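What the coordinates show
Take a look at the letters that make up each chain.
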Amino acid sequence: MDQPQPRLIPDPETGKPLYGVGAGTVGMFLAAYYPEAQKMIRVATGYFRLAGYTVGRCYLRSDQSSVQFRILVGPKEGDNARLAVRDEIKAELDKGKKTGYYTPLVREVIRRIYAKEFIIYDARAMDVAYHCKFYICDHTVLCHGSGNYTVYGLLTQHEQASATRDPAVIDEFVDWFDQAAETAQDVTKPILQVLEEWLKLAPPFHAYLKFLTAFDIFFNRDDVPGLCRPVYYQQWIIARAIQDCREHRASIVLAATGLGKTIIGAELVFLLKHTKVIQNLILIAPSAVHAEWKKHLKHRGFHDELFSNSLLFISPSERAYHKIFQLDQCLSEASDKTLILIDEAHTYRNQDRSDWQKNHKKYRREADREKARGGVALDRIRPLVEEKKAIIVLLTATPYGTNPGNIESLLRFLPEALSNSTTDTPKKRKGMPLNELTQLAFVNSLGLRQVLTLARERGDVINNRVFIQFGPQRHFMPELVYLRRISYELVEFEDLRLAYDVGLFAQDVPNIADGFDEKREGYRSFGINAANSHFIMSWLGSPPAIVQCLAKNLLTLGKRDDQAKSEPPPLFPDYQRYSEADLEAFPTEDDGKPYGVLMKEDIKIRRLKLQPILRLLEQKKQDDKVQKLLELLKKHVSGHKEKVIVFVERHATALFVTDFLAAESSFSVECMVVRQGRDGYALKDADKRGEIMDNFSPVSRGTKKVTFSVDVLICTDANGIGVNLQDANVVVNYDPADSADILFQRAGRVLRFTADPTRKVHVYTFEPTHKNASSSACQKIDATFKNMREHHGRSKTTFGLSILPESDEEIIDLTNPEQEAAFAGSFNVADDGTIHDPLARHTALLDKHRELAQSLTDSLYSAMVYKSRESRIAVLIEQGTERQIILYNLRSRTFEHENDPVSIIDLIACQDGTDNAPIDMNTVERSTKQAVGKWLTSTGKPSDDLRILCGFYLAPRWKKTFATELLAKFIQARKKHHKSKKRRIKKRD
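Note that the coordinates shown come from a computational prediction; the quantities given were computed from them, not determined experimentally.

1. Examining the sheet that holds strand β5 (residues 118–122)
Strand order in the open sheet made by the nine strands is β1-β2-β8-β7-β6-β3-β4-β5-β9, with mixed pairing throughout. Unpaired on one side and paired on the other, β1 (7–10) and β9 (185–186) mark the two borders of the sheet. The pairing of strand β3 (residues 40–45) with strand β6 (residues 134–137) spans four bridges and is classified as antiparallel. If you follow Val43 over to β6, its bridge partner there is Tyr135.

Encoded structure:
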């Protein structure tokens, strides 16, 4: 719609306007009458802005520099706040105008104030509302109307104005103005302080902190009751993961146990949605941590359905009430605005092997390939990532379980462009060592040693103890960690050893298994005697576990028990081939499930040798191992009032230990397992398990009311993943773990930061004693613990923990920095604990000086000498809810590090107390506005909502650049002068 043009009615005699209306009218009146002022200009205005004063002073002649300005300001009714005008001027300067320069203007106003040529009054101290707008030049002319002394009032808004030269009228207005000024507050001095302070460059350290707020803008929001805010080291990882999701549409977060992986994930989800990178979430996590996830997501406004990791392995279902149906439906609706977040992603560490079995393994018969399921979880997720461009984030504390192929499985979930970029030969699955994994651009690793290093650098140390600041509380790692090995005698050692050595537990033909061969750097097939392994792990467990193994053994036929040799091997005999006496030795279909293979020895021989041992074990209510456990528990529970977690492998062992402790001790014992059927076992339902853990560890889990006390918790590894149970101080590895990640998951339940600086943690590992080195059974047991130690030794520096003792007892004193470092390890596989990502240090430093950063003005300028030969200007810009960091080379007139804000932060990083460079404010401001103008031109972005938060001038070192260049220019000028002089003399001669 066309706007009406300004209308001016001029004075017939002078030609100057007498009346006017429209945009810019007031400015036209001032342009006509300001040049007449000789001594004083009185301004009554609702609002005053320095930018408006800039417009007004343009109407003065050069010989009017001594004209005094007296300004009366006061726009709002009832606003009697003292020094409000001063605060408005300060706010105007702090807003960081993107065009024009304040420095010359501020200097002129300061000069006028000192020369008593600029006086300003705050009329808001008056009792009556003030809305006047008029301008008086000496006693000669009065301009009055609706326009304020601002850019909008003078130039852009539709205003009305009129002028008069009537002396009587002017005298009345002057008299009223002077009386009003007497009752108003003179705020000239406070404004002078603001202007002079603004002309001073801010300390470089303050500018550095200001730039760091670009990474803190999302974390610094209003408090929400119950919201756990991420601490500085979590913010570092979150910022990196957000960057990965934007650039790569994928990220892997390796966060050591106890460092808040759930908070990291929940905050990442919130920020990705807040910044409109995603719209919906599909979260897959172990059932044991669903409650924790729901708590953190609820406080961030998310109420999405959670799905368990095991669902990805289940075949599709048509039943709408089934969880797998609901998961598949969510997956089918995924888009490029969907985030698939998988917690404890190491659950799928064998998916690459399964995919190899289905698509690349060589089979003698193609029918065997059809039986292979393939990477079921991989097949569900990969199409969403590749075809629908969904974003995927994998969270885990333990990417390495048994071999580098575990890592390859994780990488296969990522977009193909990323997974293929990790190797020169993508078709050959080479696996990947941990140290290479942590160097990938889309992998963000957070290790315990890194956190402790950052805390020490921040100065978060008291009594030589490093602490992490969680809000108002200081949290510490345990003061002492005791690693102990408990030796015990295996039950029925001689009888079971001999039985194993003569092959009573061996199957006839080994199972064909597939695994990763580290020497060949790929998968291959090999034979494994699964029945033998099953017995050894049962023997290392408990009498009931051995009974289960023996029963299974005695239900399985031997290779000579059925001569038909049909395919597949029969589980039950051909009754027509045997006499009635022989058939008494064979199992019936009601007796239970045998192994799915033939055993090496005949069933009659095995029954003859093993049945007496089975009957003996069925009567055992205790063994040496559980007795040692009781002694240990009496010491810690009864003696020190500590809580204990006991990890076992088999459900049968869990109930055996629970029943024994309940009968032989007075402390409260809870077990996660319940009997089911005649000889079956099962985990208790999820609600009951959650109730037990809430009462066992009420502080760490935020339990409001304890309904029953729990001293000892007996659980399997299935319900020990990702759960916070650090009310306990003792972890017992009652049974050995088959992979390194299980060991770390167990210890991670208690090896966490707490508010107790004197806390002591005990980790016990049970290991049997045996002296017969020639026995194959003993060698198998030795190999089991050797493999466990090898996996642990290969992983401990990455996971940040060392939890297997090399001797019967090791004591780690975490008050000793060297022992602390040795214990913690490093996620980046750097033995010295070096922080490889500079953003980690920046984030930690900002958190340390957060109060100072929040107290800084909205806009500031600074200058610093740095190591370079070229001048640069770094600018922090705010546009809407986003902050942008730009770096402009003033010499080459180009932008640098355009997509790498961390590199710019590295360039401006400095210490508290760093001096300013000898650069004046005018140079810094002009360079800043120059860079912003170029940036707006190059990006094509609008400038309407843009604000300059900080301009940081980076000056080259004086001795090597300024002085050298100055001297070079002087010498060059002198040479030119001498040459010119010689030419003139020669020409004259």
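2. Details of the sheet that holds strand β10 (residues 250–255)
Pairing is parallel in the open sheet, where six strands are placed in the order β12-β11-β13-β14-β10-β15. With one partner strand each, in any of the chains shown, β12 (306–307) and β15 (443–446) form the two edges of the open sheet. Bridge count between β10 and strand β14 (residues 391–396): five bridges; the pairing is parallel. Its bridge partner lying in β14, Ser251 is registered against Val393.

3. So, the pattern of salt bridges
One pass over the structure, following the stated rule, counts 45 salt bridges. For Glu267, the salt bridge is made with Arg300, and the minimal N-O distance between the two is 2.6 Å. With Glu267 in helix α10 (residues 261–274) and Arg300 in the loop between α11 (290–298) and β12, this residue pair connects regions lying 33 residues apart in the sequence. Here the two residues Glu267 and Arg300 agree in accessibility, since each one is buried. Of the charged contacts, one joins Lys295 and Glu292 as a salt bridge, the two residues approaching to 3.8 Å between their closest N and O atoms. Within this pair, Lys295 and its partner Glu292 are both found in helix α11, separated by three residues, close to a single helical turn. For Lys295, a relative accessible area of 32% puts it in the partly exposed group. Taken together, the salt bridges that share partners define one network made up of Arg57, Glu108, Arg111, Arg112 and Glu117.

4. Some thoughts on the environment of Ser162
Looking at the secondary structure, you find Ser162 in strand β8 (residues 158–164). Given the relative accessible area of 10%, Ser162 is considered buried. The spatial distance from the C-alpha of Ser162 to the C-alpha of Val21 is 8.8 Å, given a sequence separation of 141 residues. The contacts of Ser162, once residues within four sequence positions are left out, are Leu18, Tyr19, Phe29, Leu142, Cys143 and His144.

5. Comments concerning the side chain of Asn148
Examined against the element boundaries, Asn148 turns out to sit in the loop between β7 (141–145) and α5 (151–156). We classify Asn148 as buried; its relative accessible area is 15%.

6. Brief notes about the pairing of strand β22 (residues 644–648)
Across the five residues that make up β22, a large majority, five, are buried. With five bridges joining them, β22 and strand β26 (residues 712–716) adopt parallel strand pairing. Within β26, the position partnered with Val644 by the bridge is Val712. Examined bridge by bridge, β22 and strand β27 (residues 730–733) share four bridges and lie parallel to one another. Residue pairing across strands places Val646 opposite Val732, the latter belonging to β27.

7. Some points on a negative patch on the surface
On the surface, a cluster of negative charge is contributed by Asp166, Asp171, Glu172 and Asp175. Along the chain, the position of Glu172 falls in helix α6 (residues 167–183).

8. Description of the packing of aromatic side chains
The final tally for this structure, using the stated rule, is 25 aromatic pairs. An angle of 70 degrees between the planes, with centres 6.1 Å apart, marks the rings of Tyr34 and Phe69 as edge-to-face. With Tyr34 in the loop between α1 (25–33) and β3 and Phe69 in strand β4 (residues 68–73), this pair connects stretches of sequence that are 35 residues apart. According to the relative accessible area criterion, Phe69 is buried, its value standing at 0%. A ring pair is formed by Tyr734 and Phe766, whose centres lie 5.3 Å apart and whose planes are at 50 degrees; its orientation type is tilted. Of this pair, Tyr734 sits in the loop between β27 and α29 (740–747) while Phe766 sits in strand β28 (residues 760–769); the two residues are 32 residues apart in sequence, bridging distant segments of the chain.

9. Re the pairing of β1
Relative to strand β2 (residues 17–23), β1 is paired through four bridges, and the arrangement is antiparallel. Residue pairing for β2: Ile9 is matched across the bridge by Tyr19. Hairpin connection from β1 to β2: six residues lie between these consecutive antiparallel strands, with Gly15 at a positive phi of about 80 degrees.

10. A short note on the packing of helix α12 (residues 323–332) against helix α15 (residues 376–386)
α15 packs onto α12 with a crossing angle of 20 degrees between their chain directions and a minimal axis gap of 11 Å. For the element pair α12 / α15, the angle class is roughly parallel. Crossing angle aside, the handedness with which α12 passes α15 is left-handed. Within the contact between the two elements, α12 uses Ile324, Asp328 and Leu331 and α15 uses Arg380, Ile381 and Leu384. Classifying every residue of the contact of α12 with α15 gives four nonpolar, no polar and two charged.

11. Observations concerning helix α22 (residues 543–554)
When the terminal C-alpha atoms of α22 are compared, their 16 Å separation across 12 residues agrees well with the 16 Å that a helix rising 1.5 Å per residue should span. Regarding α22, the residues found buried are Pro543, Ala545, Ile546, Val547, Cys549, Leu550, Asn553 and Leu554. Looking at the buried residues of α22, the elements they touch are α20 (493–501), α21 (530–539), α24 (603–618) and α26 (651–664).

12. Structural notes on the nonpolar core
Ranked by size, the top nonpolar core spans 135 residues in total, and within it Tyr233, Trp293, Trp539 and Val732 carry the most contacts. Apart from residues no more than four positions distant in its own chain, Val732 is found in contact with Leu629, Leu632, Val644, Ile645, Val646, Phe647, Tyr764 and Phe766. Core analysis: the second largest hydrophobic core is formed by 66 residues, Leu30, Tyr53, Phe118 and Ile919 among them.

13. What to know about the environment of Leu540
Its location among the elements puts Leu540 in the loop between α21 and α22. On a C-alpha basis, the gap between Leu540 and Asp735 in space is 6.6 Å, while along the polypeptide they are 195 residues apart.

14. Thoughts on α20
Along α20, the positions that sit buried rather than exposed are Phe493, Leu496, Arg497, Ala499 and Tyr500. The buried residues of α20 all sit within an arc of 165 degrees when viewed along its axis, so they share a single face. Where α20 ends, the next residue or the one after it, Gly503, has phi of about 90 degrees, a positive value.

Definitions and cut-offs
Residues numbered from 1 in each chain as written. Predicted model: local features only at pLDDT ≥ 70, side-chain atom pairs only at ≥ 80, totals over all residues. Heavy atoms only, no water. Pairing = 2+ DSSP bridges. Helix = DSSP H or I, 4+ residues; strand = E, 2+ residues; numbered from the N terminus. Salt bridge = Lys/Arg side-chain N within 4 Å of Asp/Glu carboxyl O. Buried < 20%, exposed > 50% of the residue type's maximum accessible area, 1.4 Å probe, protein only. Contact = heavy atoms within 4.5 Å. Patch = residues over 30% accessible without salt bridge, like charges linked within 9 Å, V, L, I, M, F, W, Y side chains within 5 Å. Areas by Shrake-Rupley, 256 points an atom, 1.4 Å probe, with all protein chains shown as cover. Lys, Arg positive; Asp, Glu negative; His and termini not counted. Charge placed at Lys NZ, Arg CZ, Asp CG, Glu CD. Phe/Tyr/Trp six-rings, centres within 6.5 Å; stacked < 30°, edge-to-face > 60°. Axes fitted to C-alpha atoms, helices over the stretch in contact; angles between N-to-C directions. Parallel < 35°, antiparallel > 145°, perpendicular 65-115°, else oblique. Left-handed = near helix turned anticlockwise from the far one by under 90°. Nonpolar A, V, L, I, M, F, W, Y, C, P; charged D, E, K, R; others polar. Expected span 1.5 Å × (residues − 1). Core = buried A, V, L, I, M, F, W, Y, C linked by side-chain atoms within 4.5 Å. Arc of directions from axis to C-beta.

So far we have only geometry, and geometry alone does not tell us how the molecule works.
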